[in-house]
Each structure stands twice: as structure tokens, then as C-alpha cells.
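Observations on the three-dimensional arrangement
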Amino acid sequence: MKKIASIALFVFVHAFLFFAQGTEEIEALSENSPLYFGNPSKCELTEEEDYILEKNEYTLSYNSQKLIPNWVSWHLSSSDIGESGRANDFRPDFSLPGKFYAVKKSDYQYVKYGFDRGHVCPSADRSASKESNSVTFLMTNMIPQSPDLNRIVWKDFEAFERTLSLEGNELYIIAGGEGKGGESEKGYFESIPLVNGLEILVPSHCWKIILILPEGENDFSRITSETEIISVWMPNKQGIQNGATWKNYLCSVDFIEEKTGLDFFSRLPDEIEEILEAKIFCADK
């Protein structure tokens, strides 16, 4: 009898510890944190292909083979937007492990290859303080973007997201690049070669997903099938603005998942996730 009681106690204690550990894991994903609705990375990626960097301003998955982020995720509210101005201090991110190469500002070789150092988390989304703005200029937050994309269509979409925030919404945003090969004023390139033998991948497309909620608390419980979501998939090439705006590049989250192999909003109930990810935003309503 004592042996049975001991076994029962052992099972109970371990079950309790397992449940408590799971609860702590959920609570650790604090509201407004970039990965509150799930980490989208592919489980089969190695650390070199998917190194998670957590900063106060955003969280990113860095690919040391491509020398660009797989994705960058951040939360945006009106309190993040201010008058700090642009730091313009592009610099290597030395928080990367020593075995990874830290890309420098000059590595993009604009004169030769013609690609902008394109922010993924925008500078203006972190303009409440000089310190926060400066973090957006780390090179781990950059991808090579064609000037027409970076300075016109992508920029306009970034401005729209801040308008949404200033109108009383909070946003969960995730963005990145996919594919290989983009076009700048200097021509078509699949990568930017470096003198050390490494190459910075030039993505063929840039994508972004924005989940929109009215400002408030208990964000997880406020997500419904009616929650608005905006997704775009834009070619990384010159002339993208000709006869088009960001509204011409709207798509569903399902489409981006199919193209990237990533899994977004995995913490949401399956039935709500399925509805939200099939939506295409109606920009004219």
C-alpha cells in the first residue's frame, strides 16, 4: 500500500510541476511582446539559420548564412511614436555570437550594387526616444531593398501602419524578405559578395503582416474572427510604384506562409487562426 501511495505521489508531483512549467511558459509571453502570438520560425532550422535576438524594441530571427533576418517582429502603439528623429547610426550588431559575421554599414556597397539598407522594423516606429531609434539602425534589422521599394511603396505602407496606431490601435507586426534576386538601379543581383567570401542575400520579395486591435488589455482574449489583419507581398525591384500603391500588393497570411514556410499566430485557437489567415484586407472600406 505504501509503495502504491508513493507512486501516486510521484505521479501527482511531476504532473503538477509539468503543469506549472507550462503555465509559467505562457505567462512569460507577456502582452505586447513581439512573439505574444507565437514564434513563426521553422522547427527544422539550425541555430546558424535561425538565431533569435530579443531586444526591447523588437525580436528577430537572424540567418547567419544569408546575413539578413528571416523575420523581425514588434508591437506598435502610439507611445512608441515621437519626435526623436533618425539616429542614422548604421552599425554592426555585436550582440551576435562571435562565430557569426556582423555585417557593417559599408558591406552593402551601394555605389556598386545599388541596394538601400532597408529597415525591417522602421526607424519611425521607434521614435519616442533617441535610444530606441538607434536600435533600429543595427545591421541585423536590415535587408537589401531596391530604392523604389524602400523609399516609396514600402515607406508608404510603413506610414499607414503608424496612422493606424495614432488613430487608437495597437499593432502586432512581423516582416521580412523571401526568395533570391532583386533589382536595383545597378541591375539584377542575387547577392552582395563580401571580401571575406560571404554574401548578403538579396531577397526577391519583401512581406509584412499587421494584426490590428483597438488599444486595450487582455489582447489574447480580444482576438476574434472579425479582427482585422493586413498582409502584403511586394517585389524587390525598381519601378514597383509605377501605377501601383501598397494596396496593389495585398495578400493573405496563408499566401505568405506558403511562400516562406513560416507559421504565424500559432498560439491562437485553430478555428480563429484559420479565418484570420485566409483574409485579404479591404483597403477601400
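As shown above, the structure is provided for reference.
My aim in this report is to walk through the structure given alongside it, one point at a time.

What counts as what
- Along each chain, residue indices are assigned from 1 in the same order as the chain's sequence is written.
- For a predicted model such as this one, the threshold for reporting local features is a pLDDT of at least 70, and the threshold for listing and counting side-chain atom pairs is 80 or more; totals across whole chains, interfaces and linings nevertheless cover every residue.
- Computation of side-chain values: all heavy atoms of the structure, hydrogens and water removed.
- Think of a nonpolar core as a cluster: buried Ala, Val, Leu, Ile, Met, Phe, Trp, Tyr and Cys residues, connected wherever their side-chain atoms sit within 4.5 Å.
- Here's how the labels work: a residue is buried when its accessible area is under 20% of the maximum for its type, exposed when over 50%, partly exposed in between, all with a 1.4 Å probe on protein chains only.
- The helix count covers DSSP runs of H or I at least four residues long, the strand count covers runs of E at least two residues long, and both are numbered beginning at the N terminus.
- Two residues qualify as a contact provided that any one of their heavy atoms is within 4.5 Å of a heavy atom in the partner residue.
- Here, any two strands with at least 2 DSSP bridges between them count as paired.
- Only C-alpha atoms enter the line fits that serve as axes; for helices the fit covers just the stretch in contact. Angles between N-to-C directions range over 0 to 180 degrees.
- What counts as a salt bridge is simple: a side-chain nitrogen of Lys or Arg found within 4 Å of a carboxyl oxygen of Asp or Glu.
- Like-charged residues within 9 Å of one another, or nonpolar side chains (Val, Leu, Ile, Met, Phe, Trp, Tyr) within 5 Å, are grouped into patches, provided each residue has over 30% relative accessible area and no salt bridge.
- With residues, only the protein chains shown are counted as cover, and all accessible areas are computed by Shrake-Rupley using a 1.4 Å probe.
- Only four residue types enter the tally: Lys and Arg on the positive side, Asp and Glu on the negative side, with His and both chain ends excluded.
- One atom stands in for each charge, and that atom is NZ of Lys, CZ of Arg, CG of Asp or CD of Glu.

So, the nonpolar core
Counting 52 residues, the largest nonpolar core has Y58, W74, Y108, I200, I230, M234 and W246 as the members making the most contacts within it. If one sorts the elements of this core by residue count, helix α4 (residues 147-166) sits on top with five residues. Beyond its immediate sequence surroundings of up to four residues, W246 is in contact with V153, D156, F157, F160, I230, V232, M234, F281 and A283. By size, the runner-up hydrophobic cluster in this structure holds 22 residues, among which are W71, I209, L211 and C251.

Points about the sheet that holds strand β2 (residues 59-63)
Taken together, the seven strands give an open sheet; going across it, the order is β1-β2-β3-β6-β11-β12-β13, and neighbouring strands pair in antiparallel fashion. Either end of the sheet is taken by a strand with one partner, and the two such strands are β1 (51-54) and β13 (250-251). In this sheet, β2 lies alongside β1 in antiparallel orientation, the contact comprising four bridges. Bridging from a neighbouring strand, E54 pairs with T59 of β2. Sheet strands in contact with helix α6 (residues 253-260) are β6 (169-178), β11 (205-214), β12 (228-235) and β13, and its direction is about 45° off that of β12.

Some details on the pattern of salt bridges
For the structure on display, the rule yields eleven salt bridges. Within the structure, one salt-bridge network assembled from shared partners comprises E47, E48 and K99.

With respect to a negative patch on the surface
A cluster of acidic residues, D254, E258, D270, E271 and E274, forms a negative patch on the protein surface. Per-element accounting of the negative patch gives the leading share, three residues, to helix α7 (residues 270-278). Structurally, the position occupied by E274 is in helix α7. A relative accessible area of 60% places E274 in the exposed class.

Side note on the pairing of β12
Counting buried positions along β12 yields seven of eight residues, so the element is predominantly enclosed. Taken together, the eight bridges between β11 and β12 define a ladder with antiparallel strand orientation. Directly across from I209, in β12, lies its bridge partner S231.

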